[in-house]
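Observations on the model geometry
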Amino acid sequence: IVTFLSLENRNVNLCCSRFVPTSHNRRLWRLQKEIQTKLREIIRNHGDDTNDLLGILLAANRKELSGSQKNLSLTIQEIVDNCKMFYLAGYETTATLLTWITMLLAVNPNWQERTREEAIQACNESSSYESFHKLKLVSSVFEPDLVIVL
């Protein structure tokens, strides 16, 4: 059965096949352990900065621990799981947004050309981060689509 699961039949979904120590599963387990270790290290070394999502989550968790509702505080594993969920949700949302905008620009070649010209002009003037704020037409393409995708 191990040979059957480890060859080209990885997509076969047998009961409990994810627990069989195939080379594919061992690689998956090793990657999961590495991600878990890295996230725990980031959380442990984060400090008190609340300028990012992890800082806000940790600060809220510390308030719960010091309050009267100690049973509502998050464990480290729950914080790690939240970090993974936010990362994957953000990745999926961004991919969907870019796919949607690409499709809309492909269907509307006049808008595609206008936004392309604006981006080329802005990059020729200056390719700094500040120059991207000048892209009014590109912004008008992205902003309404954010509402649709989100």
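The structure under discussion appears in the preceding block.
Residues numbered from 1 in each chain as written. Predicted model: local features only at pLDDT ≥ 70, side-chain atom pairs only at ≥ 80, totals over all residues. Heavy atoms only, no water.

Here we take up the packing of helix α4 (residues 76-107) against helix α5 (residues 109-125). Viewed as axis vectors pointing N to C, α4 and α5 meet at an angle of 110 degrees, and their least axial separation amounts to 5 Å. Viewed along their axes, α4 and α5 adopt a mutual orientation that is roughly perpendicular. Mapping the contact onto sequence places L105, A106 and V107 in α4 and P109, W111, Q112 and T115 in α5. Class assignment for the residues of the contact of α4 with α5 results in five nonpolar, two polar and no charged. (Axes fitted to C-alpha atoms, helices over the stretch in contact; angles between N-to-C directions. Helix = DSSP H or I, 4+ residues; strand = E, 2+ residues; numbered from the N terminus. Parallel < 35°, antiparallel > 145°, perpendicular 65-115°, else oblique. Contact = heavy atoms within 4.5 Å. Nonpolar A, V, L, I, M, F, W, Y, C, P; charged D, E, K, R; others polar.)

Here the focus is the nonpolar core. Inside soluble globular proteins, nonpolar side chains tend to come together where they are buried. Among the nonpolar cores identified, the biggest contains seven residues, and these are L39, I43, L54, L58, I79, V80 and C83. Sorting the residues of this core by element identifies α2 (23-44), α3 (53-66) and α4 as the ones contributing at least two each. Of the residues forming this core, the biggest block, three residues, is contributed by α4. Residue contacts for C83: discarding those within four places in its chain leaves L39, I43 and L54. (Core = buried A, V, L, I, M, F, W, Y, C linked by side-chain atoms within 4.5 Å. Buried < 20%, exposed > 50% of the residue type's maximum accessible area, 1.4 Å probe, protein only.)

Attention shifts here to the side chain of H46. With respect to the element layout, H46 can be found in the loop between α2 and α3. The buried category is assigned to H46, whose relative accessible area is 17%. If we skip the residues at most four places from it in the chain, H46 touches D52, L54, G55 and L58.

On the surface, a cluster of nonpolar side chains totalling about 290 Å² of accessible area is made up of L53, M85 and F86. Structurally, F86 is set in helix α4. Among the residues examined, F86 registers a relative accessible area of 41% and is labelled partly exposed. (Patch = residues over 30% accessible without salt bridge, like charges linked within 9 Å, V, L, I, M, F, W, Y side chains within 5 Å. Areas by Shrake-Rupley, 256 points an atom, 1.4 Å probe, with all protein chains shown as cover. Salt bridge = Lys/Arg side-chain N within 4 Å of Asp/Glu carboxyl O.)

Moving on: the environment of S73. Its place among the elements puts S73 in the loop between α3 and α4. S73 sits 15 residues away from L58 along the chain, and the two C-alpha atoms are 9.9 Å apart.

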